[in-house]
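Chain by chain, the residues run as shown.
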Amino acid sequence: KSVNSWSYGAVINATKWFGLFGNKSTTFNFSRPQQDIYNNLVPEPLSESRDVGIRFNLPNNRLSASAAWFNAHQVGSPTGTPSGFIGNYNAIGDLGPVGDFFNRNRYDFRQFRENNIATTSDTDVRGYEIELTGNLTPNWRLVVNMSKADAATENYGADAVRFIRDNDAVVRKI
C-alpha cells in the first residue's frame, strides 16, 4: 500500500526583529501487518501535526527568542490488546453449559487466535516550546530550550469493546 504525506509551512518576518511561523503536515507509520479482533488487517495509521509560533531578534543578533505551540494527533495506531483479554475471553468458550461435560462450544462461540491480534488507539499530543539563543561572542553561542508536552491515549481497544457488545447474546448462553 502506498501512502502520501504532505507538509506546508510559512515564515513571515514582519520586521527585522519580529516574525511569525507555522507548519502543518501529515505522516504515517509503517507497522508490521496485524489483524484486529474481527480478523481484518489493521490499516497503517496516519497522523497530522501543526505548530505555530513567534520569534524575536534583538539588535545586532546578540539574542533571539522563540515560542511555539504544537499539536499532533494519530488515529488508529496498532497496539496490543488489553492484558489477558484474549485468553480470558477464550476461556469463557471453553466452559461447557452447566451440567454438560461433553458438548463444549455448542453455541458457536467464536474464539480468537492468540498471536498477531492487535487493537487500535488514538493519540493526541499538545504542548509548547520556548528557546533562547545568545551569541555571547563571535565564536560562542548559548542555546537554552524548554518544552512541555501533554500526551493522551484515546479510544484504546474500541474494537474489543464493540466485539464484546456484538457477541454478548452468545456469551450469556454459556
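Structure first, text after, so check above.
Residues numbered from 1 in each chain as written. Predicted model: local features only at pLDDT ≥ 70, side-chain atom pairs only at ≥ 80, totals over all residues. Heavy atoms only, no water.

Draft legend 1. Structural detail: the overall build of the protein chain. Helix and strand content of the protein chain: 3 helices and 6 strands. For the protein chain, the α and β elements follow one another from N to C terminus as β-β-β-β-α-β-β-α-α. The globule rule puts the C-alpha radius of gyration for 174 residues at 16 Å, and the 26 Å found for the protein chain is more than 25% above it. Considering only C-alpha atoms, the protein chain reaches an extent of 90 × 30 × 25 Å along its principal axes. Relative to its full complement of 174 residues, the protein chain shows a buried share of 24%. Residue pairs in contact within the protein chain that sit at least 24 positions apart in sequence constitute 64% of those at least 6 positions apart. (Helix = DSSP H or I, 4+ residues; strand = E, 2+ residues; numbered from the N terminus. Rg over C-alpha atoms; globule rule 2.2 N^0.38 Å. Buried < 20%, exposed > 50% of the residue type's maximum accessible area, 1.4 Å probe, protein only. Contact = heavy atoms within 4.5 Å.)

Draft legend 2. View of the pairing of strand 2 (residues 18–28). Relative to strand 2, strand 1 (residues 7–13) is paired through 7 bridges, and the arrangement is antiparallel. When the sheet's bridge partners are listed, alanine 10 is paired in strand 2 with glycine 22. Both strand 2 and strand 3 (residues 46–57) contribute to a ladder of 11 bridges, which runs antiparallel. Following the sheet pairing, phenylalanine 28 is matched in strand 3 by leucine 46. (Pairing = 2+ DSSP bridges.)

Draft legend 3. Just the sheet that holds strand 3, in detail. The strand order across the open sheet formed by 6 strands is 1-2-3-4-5-6, and the pairing between neighbours is antiparallel. Edge positions in the sheet fall to strand 1 and strand 6 (140–154), since each of these pairs with one other strand and no more. Taking the axes of each pair of neighbouring strands and ignoring which way they run, one obtains an average angle of 10° across the sheet. Pairing analysis gives 16 bridges linking strand 4 (residues 63–80) to strand 5 (residues 118–137), with the strands arranged antiparallel. Bridging from a neighbouring strand, serine 66 pairs with glutamate 131 of strand 5. (Axes fitted to C-alpha atoms, helices over the stretch in contact; angles between N-to-C directions.)

Draft legend 4. Region of interest: the environment of serine 49. By the element assignment, serine 49 lies in strand 3. Ignoring anything within four residues of it in the chain, the contact list for serine 49 reads Asn23, Lys24, Ser25, Asn71 and Ala72.

Draft legend 5. Local environment of the nonpolar core. If you look at the biggest cluster of nonpolar residues, it comprises 8 residues: Ile37, Phe85, Ile86, Tyr89, Phe112, Ile117, Ala160 and Phe163. Breaking this core down by element, the ones donating at least two residues are helix 1 (85–94) and helix 2 (158–166). A total of 3 residues in this core trace back to one element, the largest contributor, which is helix 1. Phenylalanine 85 has contacts with Ile37, Phe112, Ala160 and Ile164, leaving out every residue within four places of it along the chain. (Core = buried A, V, L, I, M, F, W, Y, C linked by side-chain atoms within 4.5 Å.)

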